[in-house]
Amino acid sequence: MFVETILQNCQNAPGRLFYVCENERLTYGALYQKATRLAGYLQAQGQSPVAVYGYKQSHMLVAFLACLICKRAYVPCDSSYPIARIQTILKQSGAGLLLAVEPLQMPGFAVLTNAQLEEIFSQNRPWSLPQAHGQAAYILFTSGSTGQPKGVAITHENLENFLQWLMRFPTVRHTRRQVVFNQALFSFDLSMADIFLSLLGQNTLVGATRAQQSDFIRLFALLKESSPSLMVCTPTFMQLCLCDKSFCKTLLPQLHTILFCGETLPKKVVEKLFSRFENIHLLNLYGPTEATVAVTGLEITPQMLALESLPIGRAGRHAVDVQVLNDALAPVQEGAWGEIVLSGKSVAGGYLNGGPGGFYTQGGQTYYRTGDIGKYQDGYLFCKGRKDGQIKYKGYRIELGEIENALQSLPQVEHAVVLPLCNAQGAVMRLAAAVTLCQSCTENQLQNALAPLLPRYMWPSRIHILQALPLNANGKCDKTKLKEAILWKKP
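Residues numbered from 1 in each chain as written. Predicted model: local features only at pLDDT ≥ 70, side-chain atom pairs only at ≥ 80, totals over all residues. Heavy atoms only, no water.

S.K.: What am I meant to see in the overall build of the chain here?
M.R.: Assigned secondary structure in the chain consists of 15 helices and 25 strands. For 491 residues, the compact-globule estimate of 2.2 N^0.38 gives 23 Å, and the C-alpha radius of gyration of the chain, at 23 Å, lies within 12% of that figure. Dimensions of the chain, computed from C-alpha atoms along their principal axes, come out at roughly 70 × 55 × 55 Å. Within the chain, buried positions represent 56% of all 491 residues. Taking the intrachain contacts of the chain between residues at least 6 apart in sequence as the baseline, contacts between residues at least 24 apart amount to 67%. (Helix = DSSP H or I, 4+ residues; strand = E, 2+ residues; numbered from the N terminus. Rg over C-alpha atoms; globule rule 2.2 N^0.38 Å. Buried < 20%, exposed > 50% of the residue type's maximum accessible area, 1.4 Å probe, protein only. Contact = heavy atoms within 4.5 Å.)

S.K.: Explanation requested: the pairing of strand β21 (residues 390-393) in the structure shown.
M.R.: By the bridge criterion, four bridges tie β21 to strand β22 (residues 396-399) in an arrangement that is antiparallel. Bridge pairing in β22 links Gln390 to Glu399. Between β21 and β22, which pair antiparallel in sequence order, lie two residues; one of them, Lys394, sits at a positive phi of approximately 55°. (Pairing = 2+ DSSP bridges.)

S.K.: Sorry if this is basic, but what is going on with the pattern of salt bridges here?
M.R.: Note on pairing: side chains with opposite charge can pair once their charged atoms come close. A full pass over the atoms with the stated rule returns ten salt bridges. Across the pair Arg210 and Asp78 runs a salt bridge, and its minimum N-O distance is 2.3 Å. Of the two residues, Arg210 is situated in helix α9 (residues 210-213) and Asp78 in strand β4 (residues 74-78); the sequence distance between them amounts to 132 residues. Here Arg397 and Glu290 are joined by a salt bridge, their closest N and O atoms 2.4 Å apart. Of this pair, Arg397 sits in strand β22 while Glu290 sits in the loop between β13 (281-286) and β14 (296-300); the two residues are 107 residues apart in sequence, bridging distant segments of the chain. Here Arg397 matches Glu290 in class, with each residue buried. (Salt bridge = Lys/Arg side-chain N within 4 Å of Asp/Glu carboxyl O.)

S.K.: When you look at the sheet that holds strand β23 (residues 413-422) in this model, what are you seeing that I'm missing?
M.R.: Hydrogen bonding along the main chain pairs the strands of a sheet, whether they run parallel or antiparallel. A sheet is described by the order of its strands in space; here three strands give the open sequence β23-β24-β25, paired in mixed fashion. Of all strands in the sheet, those bounded by a partner on one side alone are β23 and β25 (462-465). Direction aside, neighbouring strands of the sheet carry axes that sit 25° apart on average. Direction of pairing for strand β24 (residues 428-437) relative to β25: parallel, over a ladder of four bridges. Each bridged residue has a counterpart across the sheet, and for Val435 the counterpart in β25 is Ile465. Its contacts with the sheet place helix α13 (residues 400-408) against β23, β24 and β25, and it is angled at close to 150° to β23. Sitting on the sheet, helix α14 (residues 443-450) touches β23, β24 and β25, and the angle it makes with β25 is about 130°. (Axes fitted to C-alpha atoms, helices over the stretch in contact; angles between N-to-C directions.)

In structure tokens:
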């Protein structure tokens, strides 16, 4: 199992650097010592999930491994989350303990501070590696259409299957004792790819902070200094990097692989990368949180640029069974569009507390309806977007209904509609909201009132205040007319 391999890697290379983020340094030896001592503490405290609060600190990674060792699911909570969202996550996950790597006030809840963690790390405690069958490895929360985030418990078996499948890519398997670049938050499942690829390959993981990712000078300085061999990121992040012509082989001479996931990969991104990096390997992966990071993927070649769009996988090479079905859940013909439906070892058993969503059971097998529209053509799997109100934005999967419900919970708002505004390739560039009011207020007042309710990546870039929303013949909001009104409305 992968946990045993990780522990063996830590013991075999104790002096090797595992993690670097700004001023933090963590070796594999220190990771092993801290994680096993924390695991011993956690084993004596119970079996409930453990929430881990912070932002890319090394102690978060220590806590993740400790939880995997003692078979207590970890629940990542980024420090940008509003308190109300964290409280919802704690309640839904059934977490019995919160490890606060950053200061956090949570009255009435058991919280271990960073200072208390340091004390635990200083004490040698007995620990064991129990069987993991059926145990949750981690719990992540996705955006929910009802206005509440939905929890997904990923088991050790789910994670094992994903990692075994990912290691089948030769360029990933051969990345050993090199440098891996991390862009994603630890609360975003894309980060599971770079974290575990590093641990399994004795690689050094380099994390980029918020400040570094928002400042090109600092970001490029970090990239040049760390000189990664493999990068894991969203296409949007790569688009931003490619805006600067200095993002090329000269800046990153060791870079041989980029792993993309979380969004549609535009052809223009691939064309630029092929022109700036000789012999670069570009892996285009696809998968929802409900099926453990990614379930399909393939290496993009220059010849694929001639296809109608870039494929997300090849038939027979997926991590799970991937079908394209119609609304009656029957297979469609090759070349016809339908909904991508998943089943197999990477697919979770359902949402926490049996919440509504795309899961269903048939013949004793759990299936997940992704809500993504796809097709098989000439052996390739393609995806052209969503069939409902769920979108991919900045690498995150977001239910527009959650943002709308948050806006409508404000006392000033009568009605709210949130629209994704896309570029010519169909990628979501920003979110715009339109509201009607029952109390007079300004856009800035609405933005300030919304901030404590949603993570920053879900904030609309503009909230347009209208006298009335345009309606269609069915009495529903005419989103086409609304989008035209928003685009023509002056700030």
